[in-house]
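Structure assessment
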Amino acid sequence: MARRDDAGLCARRRRHWSAGGWASTFFCTGGVMEREPGAAGARRALGRRLEAVLASRSEANAVFDILAVLQSEDHEEIQEAVRTCSRLFGALLERGELFVGQLPSEEMVMIGSRGAMRKYKVWMRHRYHSCCSRLGELLGHPSFQVKELALGTLMKFVQLEGVHPLEKPKWEGNYLFPQDLFKLVVGGLLSPEEDQSLLLSQFREYLDHDDIRYHTMRAAVDTVARITGQHLEVPLTFWNNAFTLLSAVSLPRREPTASSFYVKRSELSDTWKVAHLKLPLSLYKKVLVIVHDAILPQLAQPRLMIDFLTRACDLGGALSLLALNGLFILIHKHNLEYPDFYRKLYGLLDPSVFHVKYRARFFHLADLFLSSSHLPAYLVAAFAKRLARLALTAPPEALLMVLPFICNLLCRHPACRVLVHRPHGPELDADPYDAREEDPAQSRALESSLWELQALQRHYHPEVSKAASVINQALSVPEVSIAPLLELTAYEIFERDLKKKGREPVPLEYLPAQGLLGRPGDICAQHFTLS
């Protein structure tokens, strides 16, 4: 069976569509449909065939007549045919009447036993490909009006294929840019035979979009490789076209934030949103540990993780802490507004925080979160007061880290120093701080004082007592790094105390002991005897 392009004008045996599938017949019309002469006649004839194809699949063969006009010698007729193809295949894409997936050959589908609807979609998809190929050729037409219209139609198809992809996505919401179709456009713009500077100036409007700029660079690289491989001496016209195109691509001068897309991204359904994935707690922890440095920097849209991280915050404990780390990155680097961030962090401060295995990570991150000098004084005062209150029952190894932490907060925020020195403050009968209040803004911490640190100056462990006494000095000294203290354990403190060289022994009694049970008049000797 002889084959040539669908828009070919000579008489050929061609597969056409019938209600039951494909048949073969002879088309001896010479490729010219019966119509009135001139552009107006072409417009009316094409309009009738367009309405027929869209109204009934039994009239699908009229597509051949529409495609045939694309081969006309009259540039006005070509323009009418391009407009008709734009409306026809634009509607078919939106209606889902083109085959989606790896396109099989017409011969394979013809002999297959698949349903008529599938055969129709495959058949119409081949007609669509023929149309796009001809439009790519028209980018080199002598008439600029034809070239401009062909470019606009191809770019319309690029946008529609992005919304209604002709490939099967690997997962729901997978971003599919029609790269093959777009390479056809860039290949036409980078013509080795014709100066396309005027058409390229029309293409510049599409370069305002981030995805078009990116895929233009990719397609240009492929086209340059193809042309240089085909020609021993590449024409100067090609290099001029390539320079004009690439010089029009404006690259970002700072870290890009892709936000303007020509091919729109489809929204994920609720079943596929990250926040709706029910992960085991152990896997939650593994993901949250790496999310801030291994996942968020690699995402084109890091803000998609907001729902996942906020849901993890509500789980409490270590998961909340790890989720806050990811949210902190989104707040500082991606302008996320999350007013409850510090309220969530404040809620994690309870007596158990000194005994959990993630204590070091918690205070490392808390120190990072509270490092900004622009935080309001009431917020910092609430954290300092909550930590001081918890310090009353904390073990020595935790106190040696928490006390410098509190002093660092006071150094960073001079407005909070009223917690340790309020020269003209009122006499307080009771502490106004509300330890049960979940909102740090309502805790009244700034009205209170850090009397807990003064109490800790009488702690039984001398190092804790010394650390608590720092508030008696001026707080203008540089901050103390808490990094070496984060991993401090009770065993290390005990070992360190054992290695200290003690002073001369101090007598604890004025009278020396006599015998194992003491002197005869002691109470121990009255009730016990050695036998």
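Residues numbered from 1 in each chain as written. Predicted model: local features only at pLDDT ≥ 70, side-chain atom pairs only at ≥ 80, totals over all residues. Heavy atoms only, no water.

- In the annotation of an unreviewed UniProt entry, the chain is listed under the name Nucleolar complex associated 4 homolog and assigned to Callithrix jacchus.
- Under the UniProt heading Sequence similarities (unreviewed entry), the entry covering the chain gives this text: "Belongs to the CBF/MAK21 family."
- Turning to the chain, the UniProt annotation filed under Subcellular location (unreviewed entry) states: "Nucleus membrane". (UniProt positions renumbered as here; feature names shortened; annotations may be inferred.)

**Quick look at the nonpolar core**
- The biggest cluster of nonpolar side chains holds 77 residues, and the ones touching the most others in it are Leu 288, Leu 309, Leu 327, Tyr 342, Phe 362, Phe 363 and Phe 383.
- Among the elements that make up this core, the one with the highest residue count is helix α17 (residues 396-412) (12 residues).
- Residues contacting Leu 309, with those up to four places away along its chain left out, are Leu 288, Val 291, Ala 323, Gly 326, Leu 327 and Leu 330.
- Judged by nonpolar contacts, the second largest core, of 62 residues, contains Tyr 128, Leu 160, Phe 177 and Phe 182. (Core = buried A, V, L, I, M, F, W, Y, C linked by side-chain atoms within 4.5 Å. Buried < 20%, exposed > 50% of the residue type's maximum accessible area, 1.4 Å probe, protein only. Helix = DSSP H or I, 4+ residues; strand = E, 2+ residues; numbered from the N terminus. Contact = heavy atoms within 4.5 Å.)

**Topic: α17**
- Here α17 is 17 residues long and its end C-alpha atoms lie 25 Å apart, about the 24 Å a rise of 1.5 Å per residue gives.
- Burial within α17 is extensive, with 17 of its 17 residues counted as buried. (Expected span 1.5 Å × (residues − 1).)

**What about the packing of aromatic side chains?**
- Here the structure, examined in full by the defined rule, presents 16 aromatic pairs.
- Ring centres of Phe 203 and Tyr 206 lie 5.8 Å apart, and the angle between their planes is 45°; this geometry places the pair in the tilted category.
- When its relative accessible area of 0% is taken as the criterion, Phe 203 is described as buried.
- Residue Tyr 206 is classed as buried on the basis of its relative accessible area of 13%.
- Measuring from centroid to centroid gives 5.5 Å for Tyr 206 and Tyr 262, while their planes differ by 85°, and the two rings are edge-to-face. Separated by 56 residues along the polypeptide, Tyr 206 in the loop between α8 (197-203) and α9 (210-230) and Tyr 262 in the loop between α10 (236-247) and α11 (281-295) bring together distant segments of the chain.
- Look at Tyr 262 and you get buried, because its relative accessible area is 9%. (Phe/Tyr/Trp six-rings, centres within 6.5 Å; stacked < 30°, edge-to-face > 60°.)

**Topic: the packing of helix α2 (residues 62-69) against helix α5 (residues 116-138)**
- At their nearest, the axes of α2 and α5 sit 11 Å apart, and the two run at 5° to each other. Looking at the two axes, α2 sits roughly parallel to α5. Contact residues: Val 63, Phe 64 and Leu 67 in α2; Trp 123, Met 124, Arg 127, Ser 130 and Cys 131 in α5.
- Broken down by class, the residue content of the contact of α2 with α5 amounts to six nonpolar, one polar and one charged. (Axes fitted to C-alpha atoms, helices over the stretch in contact; angles between N-to-C directions. Parallel < 35°, antiparallel > 145°, perpendicular 65-115°, else oblique. Nonpolar A, V, L, I, M, F, W, Y, C, P; charged D, E, K, R; others polar.)

**A closer look at the layout of surface pockets**
- Size it by volume and the second largest pocket reaches roughly 460 Å³.
- For the second largest pocket, the lining is made up of 19 residues, of which Arg 125, His 129, Glu 161, Asp 180 and Leu 181 are closest to its centre.
- Every element with two or more residues in the lining of the second largest pocket is listed here: α5 and α7 (179-189).
- Classifying every residue of the lining of the second largest pocket by side-chain character gives 10 nonpolar, five polar and four charged. (1 Å grid on protein atoms, 1.4 Å probe; cavity = no way out; pocket = protein on both sides within 12 Å on 5 of 7 lines; lining within 4 Å. Points joined across faces, edges and corners; volume = space filled by probe spheres on them.)

**Some remarks on the environment of Pro 426**
- Mapped onto the secondary structure, Pro 426 falls in the loop between α17 and α18 (451-456).
- Pro 426 gets classed as exposed once you look at its relative accessible area, which sits at 63%.
- Each C-alpha atom, one on Pro 426 and one on Glu 447, is 9.8 Å from the other, the two residues being 21 residues apart in sequence.

**What to know about the state of the cysteines**
- Throughout the structure, instances matching the rule amount to zero disulfides.
- In this structure Cys 407 is not part of a disulfide, and its nearest cysteine sulfur, from Cys 411, lies 6.7 Å away.
- Relative accessible area serves as the criterion here: at 8%, Cys 407 is assigned to the buried category. (Disulfide = S-S within 2.5 Å.)

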